[in-house]
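# Observations on the model geometry
As a plain string of letters, each chain reads:
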Amino acid sequence: QVQLVESGGGLVQPGGSLRLSCVASGNIFSISVMGWYRQAPGKQRELVAGITSGGSTNYADSVKGRFSISRDNAKNTVYLQMNSLKPEDTAVYYCAARRAGVRTYDYWGQGTQVTVAS
């Protein structure tokens, strides 16, 4: 089992920045890919960014150039740096982890609220 705990959400004005953190514990050696998803009210959960154990990253088109995902393997932590935030970025953000050889994310954090409003 893997446990994921997010932190760093909050209220920010449009154009502002936030950094989300996700600490993994438990059977962390089974984790291959980590990512951030988000879900806005009335919308489906969507992948925001992902990062492999080797450091390869991918982003949703809507956040490219504004968000950056990084990983500190020594601290078992993944970060999501969010810059130039827009009201449409408002959502609950979830940290997720995927084991090697598994095609879908199978571990999830509890979520942290990000609200972008003036």
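Residues numbered from 1 in each chain as written. Predicted model: local features only at pLDDT ≥ 70, side-chain atom pairs only at ≥ 80, totals over all residues. Heavy atoms only, no water.

A few words now on the pairing of strand β8 (residues 77-82). The buried fraction of β8 is high, at five of six residues. Bridge count for strand β3 (residues 18-26) against β8 is six bridges, and the pairing is antiparallel. In the strand pairing of β8, Leu 18 is matched with Met 82. Across six bridges, strand β7 (residues 67-72) lies against β8 in antiparallel orientation. Looking at the pairing, Ile 69 lines up with Leu 80 of β8. Remark: four residues form the turn of the hairpin made by β7 and β8, two consecutive strands paired antiparallel; Asn 76 in that turn has positive phi of roughly 55°. (Buried < 20%, exposed > 50% of the residue type's maximum accessible area, 1.4 Å probe, protein only. Helix = DSSP H or I, 4+ residues; strand = E, 2+ residues; numbered from the N terminus. Pairing = 2+ DSSP bridges.)

Here we come to the environment of Thr 90. Looking at the element boundaries, Thr 90 is found in the loop between β8 and β9 (91-99). Here the alpha-carbon distance between Thr 90 and Gln 110, two residues 20 residues apart in the chain, equals 16 Å. With residues up to four places along the chain from it excluded, the contact list for Thr 90 reads Ala 40, Gln 113, Val 114, Thr 115 and Val 116. In this structure the side chain of Thr 90 is engaged in a polar contact, spanning 2.9 Å, whose partner is the backbone nitrogen of Val 116. (Contact = heavy atoms within 4.5 Å. Polar contact = N/O pair within 3.5 Å; in protein donor to acceptor, adjacent residues only side chain to side chain.)

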